[in-house]
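# Examination of the molecular architecture
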Amino acid sequence: MPPILSVENLEKTYDGGFQALKSVSLEIQKGEVFALLGPNGAGKTTLISTICGLVRPTSGAITVGGHDALKDFRSARRMIGLVPQEMPTAPFEIVGDTVAFSRGLFGLKPKPDLIEKILKDLTLWEKRKNPIMALSGGMKRRLLVAKALAHEPEVLFLDEPTAGVDVELRHDMWRIVGELKDKGVTIILTTHYIEEAEEMADRVGVINKGEIILVEDKKELMQKLGRKVLTLSLNAAIQTLPPTLEKYDLTLSEDGGSLTYTYDTQRERTGITALLTDLSDAGVHFHDLQTDQSSLEDIFVDLVKNGE
Ligand SMILES: Nc1ncnc2c1ncn2[C@@H]1O[C@H](COP(=O)(O)OP(=O)(O)OP(=O)(O)O)[C@@H](O)[C@H]1O
Ligand SMILES: [Mg+2]
C-alpha cells in the first residue's frame, strides 16, 4: 500500500533566513501512530504546519492520501485533523458551535450525533453552551481535539497534545488515540513526554535542528539502542575485582557490596552465563540479581546529545 502521508525533501527557510527544515523526508503508513520527538526549536511544529498547509515550504513535496498537498490543498486538507500546539483564541465563541463549525468548514453536512459523541468523549458536553473563555486551560486543549475530530479526519496531527495538562487528561488523550487507531486513523504526534511515545507509538522519529536524524520502529529502537544493566548484590563485600573477572564490563560499587554488569541487548550473547560461572569460580557469591533496561528517554537524550 502506498503511504498515507509522504514528505519528500521538504525544506523551510523562514523570512529572515532561518532554516527550520533541512531536506526532511518521511513516509507514514495508514493506521500507524508515529511519534515525533525533538528538543525545543527542532522543527516539529514547522513540519506539521507545513504538511497542514499553514506554513509554505521553501521546496519539497507532500502528499496526503495521494493528494498533492501543495497543488490540491483542499483535498489533502480535508483528510487532515490538526490539534495545534497553540491555544484557541476566539474567547466569545460557544463551545458546541465552534466544534460543529469546524466540521462545516470542510463543506460537510452537519452530524449532531457525532458532535455530541466527540464532546462527551472529551467531557466537554456540559460546557457546550459556554463561551470558550469560560473553559479552563485543560478544557481548551480538549476543545482543540474536539475541533480537529469534527470532520472525521483520516490523518490526525497532535502537536504536543498533553503539554501542561493533568494526568487525567493525559490518560484520556491516550485512550482517545487508541480508539482512533482502532478505527484506522493515522496519528502523528509530537511530545516532550517520552513516556507518551513509549506508551502510544508504533514508530518513533527524532528531529534535531531541522533534520530527521532517526526513524525506527519503537520496539526495535528500544532493543537496538537499549542497554541492559545487571546488578548483583554480593553476600560479602569485596575490595577489588578478582583478575579472572577483569575481561567483563563490571563496576564495583563504592562500598564493594554490589557489582553492575552492562551489556548490549542486541548482541547475541549477553555473556551472563559465563560471568556467573566465573563469579562462582572466583568465590564471589550474590544474594540478589536485578536487571534494568534503558528507557526510550535515555536513548533519546543520547541521540540528541550526540547530534550536538
Ligand atoms: N514564523 C517564524 N519565523 C521565523 N522563525 C520561526 C518561525 N516559526 C518558527 N521559527 C523557528 O524555527 C525553528 C523551529 O521552530 P518550531 O516551532 O518548528 O520548533 P518545535 O520543534 O515545534 O519546538 P517546540 O518543542 O518548542 O514546540 C525555531 O528556531 C523557531 O524559532
Ligand atoms: Mg512546537
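Residues numbered from 1 in each chain as written. Chains lettered and ligands numbered in written order. Predicted model: local features only at pLDDT ≥ 70, side-chain atom pairs only at ≥ 80, totals over all residues. Heavy atoms only, no water.

## A closer look at the site of ligand 1
The immediate surroundings of ligand 1 are formed by 14 residues, with Gly-41, Lys-44, Thr-45, Thr-46 and Gln-85 found nearest. Here an oxygen atom of ligand 1 and a backbone polar atom of Gly-41 are 2.8 Å apart. Note that an oxygen atom of ligand 1 is positioned 3.4 Å from one of the side-chain N or O atoms of Glu-160. Surface burial for ligand 1 is 63%, taken as the share of its 640 Å² of free accessible area covered by protein chains. The biggest single contributor to the shell around ligand 1 is helix α1 (residues 44-51), with 3 residues. Among the residues forming the shell around ligand 1, the class breakdown is 5 nonpolar, 7 polar and 2 charged. (Near = heavy atom within 4 Å. Polar contact = N/O pair within 3.5 Å; in protein donor to acceptor, adjacent residues only side chain to side chain. Areas by Shrake-Rupley, 256 points an atom, 1.4 Å probe, with all protein chains shown as cover. Helix = DSSP H or I, 4+ residues; strand = E, 2+ residues; numbered from the N terminus. Nonpolar A, V, L, I, M, F, W, Y, C, P; charged D, E, K, R; others polar.)

## Topic: helix α3 (residues 95-104)
When α3 is considered as a whole, its buried residues turn out to be Val-95, Gly-96, Thr-98, Val-99, Ser-102 and Arg-103. Of the surrounding secondary structure, the elements contacted by the buried residues of α3 are α4 (112-121) and α5 (137-149). (Buried < 20%, exposed > 50% of the residue type's maximum accessible area, 1.4 Å probe, protein only. Contact = heavy atoms within 4.5 Å.)

## Topic: the domain arrangement of the protein chain
When its domains are assigned, the protein chain resolves into domain 1 (5-222) and domain 2 (227-306). The gap between the C-alpha centroids of domain 1 and domain 2 is 42 Å. (Domains from an automatic or database assignment.)

## Overview of the sheet that holds strand β4 (residues 59-64)
An order of β2-β1-β4-β5 is seen for the 4 strands of this open sheet, with the pairing classed as antiparallel. Looking at which strands have only one partner, the edges of the open sheet turn out to be β2 (19-28) and β5 (67-68). Examined bridge by bridge, β4 and β5 share 2 bridges and lie antiparallel to one another. Bridging across to β5, Thr-63 finds its partner in Asp-68. (Pairing = 2+ DSSP bridges.)

## A word on the packing of α3 against α4
Close contact between α3 and α4 brings their axes to 10 Å; oriented N to C, the two are set at 125°. The angle between the axes of α3 and α4 places the two elements in the oblique class. With respect to the hand of their crossing, α3 and α4 are arranged in right-handed fashion. The residues of α4 that touch α3, namely those facing Val-95, Gly-96, Val-99, Ala-100 and Arg-103, are Leu-114, Ile-115 and Leu-119. Broken down by class, the residue content of the contact of α3 with α4 amounts to 6 nonpolar, 1 polar and 1 charged. (Axes fitted to C-alpha atoms, helices over the stretch in contact; angles between N-to-C directions. Parallel < 35°, antiparallel > 145°, perpendicular 65-115°, else oblique. Left-handed = near helix turned anticlockwise from the far one by under 90°.)

## Topic: the packing of α5 against helix α6 (residues 167-182)
At a minimum axis separation of 11 Å, α5 and α6 run at an interaxial angle of 10°. Between α5 and α6, the angle is such that the two are roughly parallel. The segment α5 lies against α6, with Gly-138, Arg-141, Arg-142, Val-145 and Leu-149 engaging Leu-169, Asp-172, Met-173, Ile-176 and Leu-180. Of the residues that constitute the contact of α5 with α6, the class distribution is 6 nonpolar, 1 polar and 3 charged.

## Examining the pairing of strand β9 (residues 203-208)
Counted residue by residue, β9 has 6 buried out of 6 residues, so it is predominantly covered. Residue alternation in β9 divides its side chains into two sets, Arg-203, Gly-205 and Ile-207 and Val-204, Val-206 and Asn-208, and both sets are buried. Note: strand β3 (residues 33-37) against β9, 4 bridges, orientation parallel. Bridge pairing in β9 places Leu-37 opposite Val-206. Where β9 and strand β10 (residues 211-217) come together, 6 bridges link them in antiparallel fashion. Opposite Asn-208, over in β10, you have Glu-211 as the bridge partner.

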